Amino acid sequence: MAVVLFEATTREQERSYEELRSQYLMHHADRKLILFGCGQRGLSFGAWLREREIDFSYTDNSEETWATLINGQPVYPPDDILSSKDYFVVITVNKPAEIRVQLQEAGWISGDDFLEMEDAFAEEIKNAVRNGFTQNVLALGDCFLSSVSRFEAEPSMRVLLEELGAKVLGLPNINMKEYYFLWKLLERKRKIQRVLLLLDISTFSHQFCELPRAQHPDLWKELQDAGQQIEGFTKFLEEEKRREHLQISDLLKTNRKEDLPESTICRNKRMNTILNYLFSVKPEGTELAYFQRLLDAIACSGASCLAVLLPVNYEEGERLMSGHFAERYEVLRRTVVNAVNARFCPQIQVKDLSFLLPGEDFISIRNLNEGFRSNGRKKIVHKLESFILGD
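Conventions and cut-offs
Every chain's residues receive numbers from 1 upward, in the order its sequence appears when written. Local features in this predicted model are restricted to residues of pLDDT 70 or higher, and side-chain atom pairs are both shown and tallied only at a pLDDT of 80 or more, whereas totals for entire chains, interfaces and linings draw on every residue. The basis for every side-chain value is the complete set of heavy atoms in the structure, and neither hydrogens nor water enter the calculation. Note on disulfides: each one is a pair of cysteine sulfur atoms within 2.5 Å. Burial status follows relative accessibility: with a 1.4 Å probe on protein chains alone, a residue under 20% of its type maximum counts as buried, one over 50% as exposed, and anything between as partly exposed. A pair of strands is treated as paired once DSSP finds two or more bridges between them. Strands are runs of DSSP state E lasting at least two residues, helices are runs of H or I lasting at least four, and both sets are numbered from the N terminus onward. To estimate the expected span of a helix, count its residues, drop one, and scale the result by 1.5 Å. Only the stretch in contact is used when a helix axis is fitted, and all axes are lines through C-alpha atoms; the angle between N-to-C directions ranges over 0 to 180 degrees. Among the buried residues, those of types Ala, Val, Leu, Ile, Met, Phe, Trp, Tyr and Cys that are joined through side-chain atoms within 4.5 Å form a nonpolar core. Only heavy atoms matter for contacts: two residues are in contact if any of them lie within 4.5 Å across the pair.

Draft legend 1. Molecular detail of the state of the cysteines. By the definition in use, this model includes 0 disulfides. Left unpaired, Cys 300 is separated from the closest cysteine sulfur, that of Cys 345, by 8.6 Å. Accessibility expressed as a relative area gives 72% for Cys 300, which makes it exposed. Looking at Cys 305, it has no disulfide partner, and the nearest cysteine sulfur is the one in Cys 345, 9.3 Å off. Judged by relative accessible area, which is 1%, Cys 305 ranks as buried.

Draft legend 2. The sheet that holds strand β2 (residues 32-36), seen in detail. Read from one edge of the open sheet, 6 strands run β4-β5-β3-β2-β6-β7, paired in mixed fashion. Here the strands that pair on one side only, and so sit at the sheet edges, are β4 (69-70) and β7 (114-116). Sheet analysis places β4 next to strand β5 (residues 73-76), joined by 2 bridges and oriented antiparallel. Bridge pairing links Ile 70 to Gln 73 in β5.

Draft legend 3. How the structure looks around helix α2 (residues 40-51). Compared with an ideal rise of 1.5 Å per residue, which puts 12 residues at 16 Å, α2 spans 17 Å between its outermost C-alpha atoms and is within 8% of the ideal. Judged by how many residues are buried, α2 sits mostly within the fold: 10 of 12 residues are covered. Three or more residues of α2 are buried, namely Arg 41, Gly 42, Leu 43, Ser 44, Phe 45, Gly 46, Ala 47, Trp 48, Leu 49 and Arg 50.

Draft legend 4. Broad picture of the sheet that holds strand β13 (residues 348-352). The strand order β10-β8-β11-β12-β13 describes an open sheet built from 5 strands, whose pairing is parallel. A single partner strand is all that each edge strand has here, and the edge strands are β10 (166-169) and β13. Pairs of neighbouring strands in the sheet enclose a mean axial angle of 20°, with direction left out of account. Taken together, the 4 bridges between strand β8 (residues 137-140) and strand β11 (residues 194-199) define a ladder with parallel strand orientation. By the bridge assignment, Val 137 is partnered in β11 with Arg 194.

Draft legend 5. Representation of the pairing of β5. On β5, burial follows the alternation: Gln 73 and Val 75 on one face are buried, whereas Pro 74 and Tyr 76 on the facing-out side are not. The hairpin formed by β4 and β5 contains 2 residues between the paired strands, and Asn 71 there has a positive phi angle of roughly 50°.

Draft legend 6. Geometry of the nonpolar core. Among the nonpolar cores identified, the biggest contains 45 residues, and Trp 183, Leu 197, Leu 199 and Phe 291 are the most heavily contacted of them. Looking at this core, the elements that each hand over two or more residues are α5 (120-131), β8, α7 (176-186), β11, α12 (286-301), β12 (304-309) and α14 (325-341). Among the elements that make up this core, the one with the highest residue count is α7 (8 residues). Among residues more than four places away in sequence, those in contact with Phe 291 are Met 176, Leu 197, Leu 199, Phe 204, Ala 307, Val 336, Ala 339 and Val 340. In this structure, Ala 139, Leu 353, Phe 362 and Phe 387 belong to the second largest nonpolar core, which totals 21 residues.

This is the structure:
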């Protein structure tokens, strides 16, 4: 049986899905539902719809997806969809503006003919910046939003942390710069007692200077408006907007349609691993510098902080890097640990869970830290529980 992988549905995303489903069934059920976008968000929403037996198909601007089946659902060229009002579209891409214009130029009307999927996590961060929150424990990081099997009916790591009383904020591809500025905005709204920084070591390596990170432009605009008084914030966001995409997608794409030969899957995994772990962390690098600034800012606020190096699939890493992964990872790990210890501050600690989980605790499509299985998630949260509860 093929296992379909998608981003773990959280409470916020669940509400977003329910709202889209309700609007479609109440006002547009006489039209065939089309999800515009076959990426991770489209797959996640699609899996959620299938479990509720709602019929739908996909469309996408990528020609390679046309006339194929993705997780059993057909993919049509956009021209086939836009030429008829027999369809109702939900935009399921990270950057909906381009698709919105495409639909509007074809005479489609927002609300009447299509809806956009809200980024629930971005909305939650914006609400936290606007209004604050009630929890005293803040968890920052994107690794805990890992993919899980839809056949594995277990709470995500995010939900497990929330059940322990933590406020969890994170988006894919938000890194140390963003978290530093986010902290400066949040500390004005709420007296935070404890902070969990859930870290992916590869965040600090060279690849994040090259790969695109501006996945959430609406969020950046909102944070920019809220953070005009923070030195460097506006300039940083403007630099992010100008960032160019590095064209390596063919080397990094996943086997989403289950049509890639094993040699290509292995090549893509190896390329992704090399990009993440081959390069050294530069002591003067931007990510490390903002990580240190974030630690100092948390310490100055009086909060305690635990920087957690989340597990990696070291067994897969050794295989993909021909036995050199452990050596390369140790260089990265030591640099980050030293950055924490250099604070000489008892309220700032580091906990290294890098090698906590064996390979069987991961569902690995492409990255060495994606897809903690249920048993792995529980192990990690158990390690963090005493910190959150203040024992």
